[in-house]
Amino acid sequence: MIDRIEVSMINESVHNFRKGEFGVESIEIHEKRGLIEIIYVSQETGTKTVLIPLENVEKCEFIRKLDLKGD
């Protein structure tokens, strides 16, 4: 599970997302689909999803949270 991500775009803009901050529910990277998907908590008006095409990304750094349940 990705906890936070920093995406540097080819147009030199930088975007930061962190799970739990500003309503971010989950962060996923879909390499086969070529997308980074940011899903926000559902509101009564619907669910907001941000899709970032990997082709527009220059650099991507993320922190993956480890599951320490002791399996």
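Since the structure is predicted, the reported quantities are computational estimates derived from the model, not experimental observations. (Residues numbered from 1 in each chain as written. Predicted model: local features only at pLDDT ≥ 70, side-chain atom pairs only at ≥ 80, totals over all residues. Heavy atoms only, no water.)

## So, the pairing of strand β2 (residues 14–18)
As a reminder, the rule being used: Here, any two strands with at least 2 DSSP bridges between them count as paired. In DSSP terms, a helix is any run of H or I states spanning at least four residues, a strand is any run of E spanning at least two, and both are numbered starting from the N terminus.
Bridge count between strand β1 (residues 2–9) and β2: 5 bridges; the pairing is antiparallel. Its bridge partner being in β2, E6 is matched across the sheet by N16. Two successive antiparallel strands, β1 and β2, enclose a turn made up of 4 residues, where E12 displays a positive phi of approximately 75 degrees.

## Observations concerning the sheet that holds β2
Each strand in a sheet pairs with another by means of backbone hydrogen bonds, the pair being arranged parallel or else antiparallel. This is how the line gets drawn: The axes are straight lines fitted to the C-alpha atoms, using for helices just the contacting stretch, and the angles between their N-to-C directions are given from 0 to 180°.
Here 3 strands make up an open sheet; going across it, the order is β2-β1-β6 and the pairing antiparallel. The strands lining the two open edges of the sheet, one partner per strand, are β2 and β6 (57–64). Within this sheet the neighbouring strands show an average axis-to-axis angle of 10 degrees, counted without direction. In this structure, β1 lies alongside β6, joined through 7 bridges in antiparallel fashion. Paired with E6 across the strands is E61, a residue of β6.

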